[in-house]
Amino acid sequence: MADTPTATVSAWTPFRYRAFSLLWAATLISNVGTWMHEVGAGWLMTTLSPSPAVVSLVQAATTLPVFLFALLAGTLADRLDKRKMLIVINLMLMVVVSTLTVIVHFGLMTPTLLILFTLVIGTGSAFMAPAWQSIVPGLVPREALQPAIALNSMGVNISRAIGPALAGLLIAVAGLASPFAINALSFVAILVSLFLWKNEETPTVTHQPIWGAMLTGVRHVRHNDALKATLIRAVAFFLFASAYWALLPIVARNTRGGGAELYGFLLTLIGAGAVTGALVLSRIRAMFDSNRMAQIGTVGTAGALALMALAADPVSASVAAFIGGFSWISVLTTFNVSAQTALPNWIRARGLSVYLMVFFGSMALGSLIWGQVATYTSPAVALITAAVGSLVCIPLTRRFHLGQGEGRDLTPSMHWPAPPLAIDSDDINDRGPVLITVTYQVTEENVADFRALMQEWSKERMRDGAFEWNLYQSAESPELWIEAFRVPSWEEHLAHHGRVSHEDAVMQDKVHALDTTEGGPVVRHYIAP
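Residues numbered from 1 in each chain as written. Predicted model: local features only at pLDDT ≥ 70, side-chain atom pairs only at ≥ 80, totals over all residues. Heavy atoms only, no water.

### Some points on the packing of helix α12 (residues 348-376) against helix α13 (residues 379-396)
The geometry of a pair of packed helices is captured by two quantities: the angle between their axes and the separation between those axes.
Item 1. Where α12 contacts α13, the two axes come as close as 7 Å, and the packing angle between them is 135 degrees. By the criterion of interaxial angle, the relationship of α12 to α13 is oblique. As for the relative orientation of α12 and α13, their crossing is right-handed in sense. In contact with W370, V373 and A374 of α12, α13 contributes P379, A382, T385 and A386. (Axes fitted to C-alpha atoms, helices over the stretch in contact; angles between N-to-C directions. Helix = DSSP H or I, 4+ residues; strand = E, 2+ residues; numbered from the N terminus. Parallel < 35°, antiparallel > 145°, perpendicular 65-115°, else oblique. Left-handed = near helix turned anticlockwise from the far one by under 90°. Contact = heavy atoms within 4.5 Å.)

Laid out in structure tokens, this is it:
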């Protein structure tokens, strides 16, 4: 069922919170440098190799590391102090970008070396992105989350409006090394803000292996229907929308009167369109639900792709860029809010890392595809094909509803009592796996409803830490049913107690209402020796 339109919320509400304002301003400065870097790298590659396939590799090299490493990064972000983690990564990236600047300055850059540097920088961004994404809900209250995400997106696009134009000017005046030098300096703003920010969140202390924690994240996503719907819709959009970004340098070069200045100007207009979209987004959301917002944005993106394919002069290319930016922010913010609200805090970084994997993986794959299509046909054919594909996906993905988690309370209910323990507890936390059984008594007329509810209830078990779940009926006493599920360790089972949400508690009450056992269902725990 589609979510209902949300009430209008001030677009500026998140700025009332000091931590959000501090990090937003620093991110804005840093992103100006990042977009200057993107323009510099894209344009540098066109001078090193004019082939569309090779130029598109820069976009692919930027996005592929997120697809490869985001889940590991999200797992680390859920376990470590996010502030310290971000400080270390930003320091390392500043060193890498500074090295790149020196190499470009002395004219030693090659296509292969540029792609390798882009991969390294993309890897750093991959380890940083889940942590950045997951701290946003902790900076503002829940009701301000949507405008906070929109403001973050607006900040990215303000920087996109400033950075590319400045990069184009600097490339023409000071040379190709200048955008990379500014990007290296921009890391200082992020580092200062992180040192000033007081992170009140306590890192999770656990003995669970990294690999096990990653699998827990994957299982959660697999059984989180609200997040899965968002991921499916994201693939259908980003796979085609990636043509816009991958082929933009080629479009700028091939347009009459085009060059580095036009490329920077087009990116500036994309940013301007996105900023405009972010400013009016809260008003638009008051009129349309998340699904309609995504559909409208997809139609706008398809129109921008088609217009850019047909653009023969800077004016038409500029109109396409503005429409593309406006549409992009509408879809991106809708997806981000849908993903954020589908996740509880304890798994947020891992869940968002999967979303980022889908986002960047689709962008990387799409960049490779559209680069090859443009090479063997033409950039115009590739852009028109991408536009048609994005429109076809609208009816195909309609049943996967966005925003399913917006009205759900995913905060811990803490209504499960501590499990009784009558064995030696010195090393029990590391012992496992743990088998938990719950015995129900259900009358024959309620069996169908009970089984349907239990299938839904099984998703809670798997989302919150179980790696196996089954339901059994007694052969001797058909009214007796046993639910059995396993978790990796006793420590993980105790963590499961703290993960059950108020939304889960409502579902559990429905299950228990069908149980006729005096005193309620009987729970037992079995620990492997």
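And the narrative resumes.
### With respect to the packing of helix α10 (residues 290-310) against helix α11 (residues 314-341)
Item 1. Close contact between α10 and α11 brings their axes to 8 Å; oriented N to C, the two are set at 155 degrees. With respect to α11, the axis of α10 lies roughly antiparallel. In this structure, α10 meets α11 at a crossing whose hand is left-handed.
Item 2. Among the residues making up the contact of α10 with α11, the classes are represented as 13 nonpolar, 10 polar and no charged. (Nonpolar A, V, L, I, M, F, W, Y, C, P; charged D, E, K, R; others polar.)

### Remarks on the packing of aromatic side chains
Item 1. Applying the stated rule across the entire model yields 16 aromatic pairs.
Item 2. Their ring planes at 25 degrees and their centres at 5.8 Å tell us that F69 and F127 sit as a pair that is stacked. Taken together, the residues F69 in helix α2 (residues 52-79) and F127 in helix α4 (residues 111-139) connect sequence positions 58 residues apart.
Item 3. Ring centres of F237 and F238 lie 5.2 Å apart, and the angle between their planes is 75 degrees; on these two criteria the pair is classed as edge-to-face. Summarising the burial analysis for this pair, F237 and F238 share the class buried.
Item 4. An aromatic cluster of at least three residues, connected via ring pairs, comprises F237, F238, Y244, W245, W328, F335 and F359.
Item 5. Across from the ring centre of W346, 3.9 Å away, lies the NZ or CZ of R499, which sits over that ring. (Phe/Tyr/Trp six-rings, centres within 6.5 Å; stacked < 30°, edge-to-face > 60°. Buried < 20%, exposed > 50% of the residue type's maximum accessible area, 1.4 Å probe, protein only. Lys NZ or Arg CZ within 6 Å of the ring centre and 35° of its normal.)

### Here's the deal with the pairing of strand β3 (residues 480-487)
Item 1. In terms of strand pairing, strand β1 (residues 434-441) meets β3 through 8 bridges, oriented antiparallel. Each bridged residue has a counterpart across the sheet, and for T439 the counterpart in β3 is I482.
Item 2. In terms of strand pairing, strand β2 (residues 468-473) meets β3 through 6 bridges, oriented antiparallel. When the bridges of β3 are listed, L471 appears paired with E483.
Item 3. What sits between β2 and β3 in their antiparallel hairpin is a turn of 6 residues. (Pairing = 2+ DSSP bridges.)

### Points about the confidence of the model for the protein
Item 1. On average, the protein scores 85 in pLDDT, and the residues at 70 or more come to 94%.
Item 2. Taken as a whole, residues 1-8 scores under 50 in pLDDT and shows 21 contacts with residues more than four places along the chain or in a different chain. (pLDDT = per-residue confidence, 0-100.)

### What to know about the nonpolar core
Proteins that are soluble and globular tend to have nonpolar side chains buried together.
Item 1. The biggest cluster of nonpolar side chains holds 72 residues, and the ones touching the most others in it are F238, W328, F335 and Y355.
Item 2. Looking at this core, the element that brings in the most residues is helix α8 (residues 225-254), giving 16 residues.
Item 3. If you look at the next biggest cluster of nonpolar residues, it comprises 55 residues, including F20, I103, M109 and V140. (Core = buried A, V, L, I, M, F, W, Y, C linked by side-chain atoms within 4.5 Å.)

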